[in-house]
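Listed here are the chains, written in short residue letters.
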Amino acid sequence: MNFYITRVIFIIVVGIVIYFISLKRDINIKKQIVLLLAIYILTMFFQPEKLFLKFKSIEAAFKYSFPSEKIMFFTEQNNYGFVISQNNNSKDIIVYNKKNEKWGYVSPIKRNYVVEHPKYTVLFEKIKDSNDYFIFIDTHNENFLSVSDSLEKNYNDFLDKNGYIYYSFVKNKPDNYSISVNGENIYIK
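Residues numbered from 1 in each chain as written. Predicted model: local features only at pLDDT ≥ 70, side-chain atom pairs only at ≥ 80, totals over all residues. Heavy atoms only, no water.

Trainee: Is there a simple way to explain the overall build of the protein chain in this structure?
Mentor: Each helix and strand in the protein chain was counted, giving four helices and twelve strands. Its C-alpha atoms give the protein chain principal-axis dimensions of about 70 × 35 × 30 Å. Taken as a whole, the protein chain presents about 11700 Å² of accessible surface, with 54% of it coming from carbon and sulfur. For the protein chain, the separation between the mean place of its 24 positive charges and that of its 19 negative charges on side chains is 11 Å. (Helix = DSSP H or I, 4+ residues; strand = E, 2+ residues; numbered from the N terminus. Areas by Shrake-Rupley, 256 points an atom, 1.4 Å probe, with all protein chains shown as cover. Lys, Arg positive; Asp, Glu negative; His and termini not counted. Charge placed at Lys NZ, Arg CZ, Asp CG, Glu CD.)

Trainee: Got a minute to help me understand the pattern of salt bridges in this structure?
Mentor: For side chains bearing opposite charge, pairing can occur when the charged atoms are close. Scanning all chains against the criterion turns up three salt bridges. In this structure, Glu 76 engages Lys 98 in a salt bridge whose closest nitrogen and oxygen atoms are separated by 3.3 Å. Here the residue Glu 76 occupies a position in strand S1 (residues 70-77), and Lys 98 occupies one in strand S3 (residues 90-99), the gap between them amounting to 22 residues. According to the relative accessible area criterion, Glu 76 is partly exposed, its value standing at 42%. The salt bridge involving Glu 101 is made with Lys 98; its shortest N-O contact spans 3.5 Å. Each of Glu 76, Lys 98 and Glu 101 takes part in one network of salt bridges that share partners. (Salt bridge = Lys/Arg side-chain N within 4 Å of Asp/Glu carboxyl O. Buried < 20%, exposed > 50% of the residue type's maximum accessible area, 1.4 Å probe, protein only.)

See the structure below:
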């Protein structure tokens, strides 16, 4: 609901600004309406409120943009919050940034590397302007995988209705970093 309230306030303010500009520049009403609609459509893609809105919790930040999706799991690592959500049969990963004890958006995440396997999918999410990665392994209805990496980090896991999901945060990933899933080594290219 907040999403719509913020967007309506933004459009009203922009509409008032366009109106006052049109008084000085003699812009007809059709051009004003077209300009306002164009700005509104652009805001649907750009979402300017994400630049200034901050939330007290990851859940509040998530519910603002995705009110109909369900949070399956979330974790906080090194001032980043990672949410795995579900909408119908698809899973989404959303990343938030924590500054001054408030949660905002980190965007865009560079999706560097995806490994598809019949029993699992490995997703390497690179954080913008860093060499930090968040790594997910989704088991596709498999019961359990043996997961390790070259840094000897522990991979956390949780069980959802479709199997296990493993995850880890790698700060300053070395060039030779790899993970092993059931004995198969995977490197980030």
